[in-house]
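Architecture and fold: a report
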Number of protein chains: 4
Amino acid sequence: MMTKQQLRQELYRIIFGTDTPAGQRFDMVLIYAILISVFAVMLGTVDSLSSKFFSVFFLVEWLFTGLFTLEYMVRIFCSPNRRKYLFSFYGIVDLVSIVPSYLGLLLAGAQYLLIIRLLRVLRVFRVLKMVRHMSEANVLIRSIVQARRKIFVFFTIVLVLSTLFGCLMYVVEGPGNGFSSIPKSIYWTIVTLTTVGYGDITPHTVLGQIISTLAMLTGYSIIAIPTGIITAELANEMQRDKSVYPCPNCVKAGHDMDATHCKWCGADLGNMRG
Amino acid sequence: MMTKQQLRQELYRIIFGTDTPAGQRFDMVLIYAILISVFAVMLGTVDSLSSKFFSVFFLVEWLFTGLFTLEYMVRIFCSPNRRKYLFSFYGIVDLVSIVPSYLGLLLAGAQYLLIIRLLRVLRVFRVLKMVRHMSEANVLIRSIVQARRKIFVFFTIVLVLSTLFGCLMYVVEGPGNGFSSIPKSIYWTIVTLTTVGYGDITPHTVLGQIISTLAMLTGYSIIAIPTGIITAELANEMQRDKSVYPCPNCVKAGHDMDATHCKWCGADLGNMRG
Amino acid sequence: MMTKQQLRQELYRIIFGTDTPAGQRFDMVLIYAILISVFAVMLGTVDSLSSKFFSVFFLVEWLFTGLFTLEYMVRIFCSPNRRKYLFSFYGIVDLVSIVPSYLGLLLAGAQYLLIIRLLRVLRVFRVLKMVRHMSEANVLIRSIVQARRKIFVFFTIVLVLSTLFGCLMYVVEGPGNGFSSIPKSIYWTIVTLTTVGYGDITPHTVLGQIISTLAMLTGYSIIAIPTGIITAELANEMQRDKSVYPCPNCVKAGHDMDATHCKWCGADLGNMRG
Amino acid sequence: MMTKQQLRQELYRIIFGTDTPAGQRFDMVLIYAILISVFAVMLGTVDSLSSKFFSVFFLVEWLFTGLFTLEYMVRIFCSPNRRKYLFSFYGIVDLVSIVPSYLGLLLAGAQYLLIIRLLRVLRVFRVLKMVRHMSEANVLIRSIVQARRKIFVFFTIVLVLSTLFGCLMYVVEGPGNGFSSIPKSIYWTIVTLTTVGYGDITPHTVLGQIISTLAMLTGYSIIAIPTGIITAELANEMQRDKSVYPCPNCVKAGHDMDATHCKWCGADLGNMRG
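Helix and strand counts for chain A come out as 13 helices and zero strands. Within the span of chain A, comprising 274 residues, buried residues form 46% of the whole. Look at the contacts in chain A between residues 6 or more apart in sequence, and 53% of them connect residues 24 or more apart. For chain A, the exposed area adds up to about 13800 Å²; of that, 68% sits on carbon and sulfur atoms.

What follows is about the side chain of Thr-65 of chain D. For Thr-65 of chain D, the position within the fold is in helix α4 (residues 54-78). A polar atom in the side chain of Thr-65 of chain D sits 3.1 Å from the side chain of Ser-101 of chain D.

All names here are of chain A. Taken together, the side chains of Met-28, Tyr-32, Leu-35, Ile-36, Phe-39 and Leu-43 present a nonpolar region at the surface, about 560 Å² in accessible area. Considering the arrangement of structural elements, one finds Leu-35 in helix α2 (residues 21-43). According to the relative accessible area criterion, Leu-35 is partly exposed, its value standing at 32%.

Once that is clear, we can look at the nonpolar core. With 194 residues, the main nonpolar core has Ile-182 of chain A, Ile-182 of chain B, Ile-182 of chain C together with Ile-182 of chain D as its most contacted residues. Setting aside residues no more than four positions away along its own chain, Ile-182 of chain B makes contact with Met-42, Thr-45, Val-121 and Val-124 of chain A together with Cys-167 and Tyr-170 of chain B.

Frequently, the measure chosen for interface size is the accessible area that the parts lose on association. Contacts between chain D and chain C engage 43 residues on the former and 40 residues on the latter. The interface formed by chain D and chain C includes zero salt bridges. Our count for the chain D to chain C interface comes out at three residue pairs in polar contact (both at pLDDT 80 or more). Mapped onto the side of chain D that touches chain C, the elements with two or more residues apiece are α9 (148-173), α10 (182-193), α11 (206-222) and α12 (224-241) of chain D. Sort the elements by how many residues they give to the side of chain D that touches chain C and α9 of chain D lands first, with eleven residues.

Further remarks concern the packing of aromatic side chains. The geometry of an aromatic ring pair is captured by two quantities: the separation of the ring centres and the angle between the planes. Residue and element names in this part refer to chain D. Taken as a whole and judged by the stated rule, the model has 26 aromatic pairs over all chains. Ring geometry for Tyr-72 against Tyr-85: centres 6.3 Å apart, planes inclined by 45°, an arrangement best described as tilted. Of this pair, Tyr-72 sits in helix α4 while Tyr-85 sits in helix α5 (residues 82-86); the two residues are 13 residues apart in sequence, bridging distant segments of the chain.

With that out of the way, let us pick up helix α10 (residues 182-193) of chain C. All names here are of chain C. Counted at 1.5 Å a residue, the expected span for α10 with its twelve residues is 16 Å, and the 16 Å between its end C-alpha atoms agrees. Counting buried positions along α10 gives ten out of twelve residues, so the element sits mostly inside the fold. Those residues of α10 that fall on the buried side of the exposure criterion are Ile-182, Ser-185, Ile-186, Tyr-187, Trp-188, Thr-189, Ile-190, Val-191, Thr-192 and Leu-193.

Let us look at the packing of α10 of chain D against α11 of chain D. Residues and elements named next belong to chain D. Where α10 meets α11, the axes come as close as 8 Å, and the angle between the chain directions of the two elements is 50°. Here α11 runs oblique to α10, going by the angle between their axes. Here Trp-188, Thr-192 and Leu-193 of α10 come into contact with α11, specifically with Ser-212, Ala-215, Met-216, Thr-218 and Gly-219.

All right, on to the environment of Ala-22 of chain B then. Assignment of secondary structure puts Ala-22 of chain B in helix α2 (residues 21-43). Spatially, the C-alpha atom of Ala-22 of chain B lies 9.9 Å from that of Leu-11 of chain B, the residues being eleven residues apart in sequence.

Before going further, it helps to examine the relation of the copies chain D and chain C. Mapping chain D onto chain C is achieved by rotating through 90° and translating by 0.4 Å along the same axis, at an RMSD of 1.4 Å. Expressed as a symmetry operation, the mapping of one chain copy onto the other fits a four-fold axis. A share of only 14% of interface residues in chain D that are also interface residues in chain C marks the association as one of differing surfaces.

For the rest of this paragraph, the subject is the confidence of the model for chain A. Taken as a whole, chain A shows an average pLDDT of 78; of its residues, 75% reach a score of 70 or greater. The secondary structure element of chain A with the lowest average pLDDT is helix α13 (residues 270-273) of chain A, at 46, and the one with the highest is helix α10 (residues 182-193) of chain A, at 92.

Residues and elements named next belong to chain C. One way to put it is that helix α9 (residues 148-173) packs onto α10 with a least axis distance of 8 Å and a crossing angle of 120°. In terms of orientation, α9 and α10 fall into the oblique class. α9 and α10 meet at a crossing whose hand is right-handed. Taken together, the residues of α10 that come into contact with α9 (itself represented by Val-158, Leu-159, Ser-162, Thr-163, Phe-165, Gly-166, Cys-167, Met-169 and Tyr-170) are Ile-182, Ser-185, Ile-186, Trp-188, Thr-189, Ile-190 and Leu-193. Of the residues belonging to the contact of α9 with α10, the class tally is eleven nonpolar, five polar and no charged.

Residues and elements named next belong to chain A. Inspection of the entire model under this criterion finds twelve salt bridges over all chains. A salt bridge links Arg-75 to Asp-94; the nearest nitrogen and oxygen atoms lie 3.7 Å apart. Separated by 19 residues along the polypeptide, Arg-75 in helix α4 (residues 54-78) and Asp-94 in helix α6 (residues 89-106) bring together distant segments of the chain. The two residues Arg-75 and Asp-94 agree in class, both being buried.

As a further point, take unusual backbone geometry. Residue and element names in this part refer to chain C. The backbone of Thr-195 sits at a positive phi, close to 60°, despite the residue not being glycine. Topologically, Thr-195 is positioned in the loop between α10 and α11 (206-222). Judged by relative accessible area, which is 2%, Thr-195 ranks as buried.

Residue and element names in this part refer to chain A. By secondary structure assignment, the location of Glu-71 is in helix α4. Overall, the relative accessible area of 7% leaves Glu-71 in the buried class. Sequence-wise, Glu-71 and Leu-30 are 41 residues apart; in three dimensions their C-alpha atoms are separated by 9.4 Å. In terms of polar contacts, Glu-71 uses its side chain to reach the side chain of Arg-75, at 2.7 Å.

The rules behind each value
- Residues numbered from 1 in each chain as written.
- Chains lettered and ligands numbered in written order.
- Predicted model: local features only at pLDDT ≥ 70, side-chain atom pairs only at ≥ 80, totals over all residues.
- Heavy atoms only, no water.
- Helix = DSSP H or I, 4+ residues; strand = E, 2+ residues; numbered from the N terminus.
- Buried < 20%, exposed > 50% of the residue type's maximum accessible area, 1.4 Å probe, protein only.
- Contact = heavy atoms within 4.5 Å.
- Areas by Shrake-Rupley, 256 points an atom, 1.4 Å probe, with all protein chains shown as cover.
- Polar contact = N/O pair within 3.5 Å; in protein donor to acceptor, adjacent residues only side chain to side chain.
- Patch = residues over 30% accessible without salt bridge, like charges linked within 9 Å, V, L, I, M, F, W, Y side chains within 5 Å.
- Salt bridge = Lys/Arg side-chain N within 4 Å of Asp/Glu carboxyl O.
- Core = buried A, V, L, I, M, F, W, Y, C linked by side-chain atoms within 4.5 Å.
- Phe/Tyr/Trp six-rings, centres within 6.5 Å; stacked < 30°, edge-to-face > 60°.
- Expected span 1.5 Å × (residues − 1).
- Axes fitted to C-alpha atoms, helices over the stretch in contact; angles between N-to-C directions.
- Parallel < 35°, antiparallel > 145°, perpendicular 65-115°, else oblique.
- Least-squares fit on C-alpha atoms with pLDDT ≥ 70 in both.
- pLDDT = per-residue confidence, 0-100.
- Left-handed = near helix turned anticlockwise from the far one by under 90°.
- Nonpolar A, V, L, I, M, F, W, Y, C, P; charged D, E, K, R; others polar.

Structure follows, in structure tokens:
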């Protein structure tokens, strides 16, 4: 028979690990459970469906709440460092995934409509449990992290531009044409600069239309900047992948494809690549 | 006189082949026939035209249906492997191009309006017969196929982001402002993130406008990611066109396609490529 | 005194040439004349302005018509090959710039409103005379011309996609929701795929919103393709500019920056670049 | 005790400099002061807030006006070249940041509503004082400046295209469908070409929809051009960051910034870079 310690280790390997067949099967089941439960929560907000299939949604909801509660408890049980797991990003997401269902029981009255809507939505954040299984996203995220300073500067420029254009439009068009305050004008400017263009607020004066034309052309040309930043960064990431052969002398990698000598210690690389 | 076998081979060369003048002429005629018939079907759905030129549309429809039926039969006749052709992508497209017209005859009553609309539209899928003649598209499709994993990850990120933003907007704006359910909020979020911005649903609360501003700026900056992925992939495809033949003297590669001498040691490359 | 032949040559150098101070001054005057006359025509279509400053617009119109008529005559007079000039692109643009004003005189009655509107607008095409003076545009145009096959393939793909999505939406949404015919559905699809999103036609059914979400994400990801094509082409154009040093032996240029031997004749390039 | 001269130098180092701890602390305080005062001005234009928290906005307004007045005076006092500072970009921005508040006192009557709105907005331009502290923006601005000729040519092409499309739409759709004048049609064309697509003006005739489809596809494909320009320029800027120091042994350059040995001959690069 298994001791408690062995059971914990075995469960840890299945639930937290991804290198055993059992661990991979568990991950697959979990992904489908997350997807189905998130879909159920989403469809449950559609009035025509929720009134018709009330009992189905109720059943699915409590089935998955039970399942995720079990998973949460087993994770706590088999985690080697419980405090660390409980306060980790995934630990909090796991907790947030189950608490709203139980809270919904306590607040069953009709007077807590808004809170119940909020709780129902919180359950959708289970989708973040998916991120654990998207190892591929790391490459993209790394590129963005690398370019974070430039992207931050870019957003600051966009915000300064939006403030200036928003103020101009507020003065030119005025509250009568929908530009009722500077924050609303800035909202309009960002809608325009990003080329979204809802059309809920549009310029009506000739001067306003000329200024908004300028804003569009500005947005059109600065839309290129983050593209340039990320493209350059991604190209870098990819080039970094190119030469993974380590130097035979100092075992450091990262040489250019056409290098004949190690750029770290000067040893000849030629023999290795020949 | 030609035997049946010779006729089949001759027809195969004309209809399936593209390397003889007759085959190329057949392809050109087919492309024009597809374009004209698709245009006719499309214009036939415009009420003012279809009532005025009813007999013209009727004539054109049956002329091309007859032609494509003949083509389908000849293709079956001369195909060396009939089963393979019948169940291939193009075989099914060829069948779908003619069946709806004949089905329309059987369902001539006014009570099958929706089905007739569907059949009418299915005929437009004749346009897929064109793909057979767009060999150039392969380069672009290859780039996309190469980047399919990263594009899939990108779409997953977009969907997770849309779910989170959609839920936030559902809680903040609520059914009163058009965000009547989470799926509808997610629809709105994708309309916003992709900078399409119909304006059929727009945020009305201050908090909703702040969140949608964040969604726009996010969309604005992640619009760069697939651009970066595909650009890098296309550049790779293009660089692959650079010669991989090594110099016979110094065994270094990477010469331009039009180089006649090695750019590293000056040796003659001509013999190798001749 | 100048002979007629000398006068023609002198005028030719001023009007057609750009290498003498007089020629450059003439070009500058012409650019301003075009800009002012185009602005006058454009502002003349604004009702509130045209009724108030009728005489000013009348005066400006005939002043520039006279000027451009004079220019056209002098160009004919001094052109060494008159027939070639008359039927060249610029010769036709020059003619179209003046004819509408004279035709407007003949059709002074109120019954030709549409024709007069057309003539008024034709005069704006004077702006094309500007192109003659934008030598810088060539670099960009060359990149687009280089990539024209790929761009054509791309547009064909966009049109095939639009046809398929448009037909799907026509079946799903139907005439009741604004998708009144297939051509109109295709118009909607292109508005969506290009992320313009007017919002004059929007999906109302759930299935229609799901399909339009797919269309948006497709548009979002294929927006990258022409960017990739043109970026790669522009990078090529720029790289071509990099190594302009000709080989000392065969005087051909276009070597890579890191080449040590001429890729055309094998001669050593090293001494030249130092 | 400090002499006046020493005080000026000390203040200069704190206010204009960024290399001492005191100077950096002063910059941080100033950035927060700018952000808070700009937020206060912006929120002060929201009617519901300004009527409720009138005294708070009044207080914040005069607190920061006092602070910025003090800052302006100290800057004048300690600047080594007063005339140069007063007429510099930042000197004028500093002045514009405080003058409107004082002018607002003089024009307290209700009859100057528009002017007061203008003055209130001018205060938001304090945000430009931020630019002083965004040294990182220089890299991006340098790329844009490098590409300014090509961007200018691009905008000219966009404007010529907009004029032609705008005129076509004016003729085809006419004043009855919202295209009331050529300038308005050009406004519509830019809204379409930049893929903003408000939807305040949309084509209603079949021909108009075909032309607008062409305009969208054109916009869709030329959106790539500035992206290509800026991406190429940014890549250049980044490559420039690669070392230009040649190897002391083989005099070849192009090493990575972190290389310690020449990647061509293996010689030690360390001494050169120190």
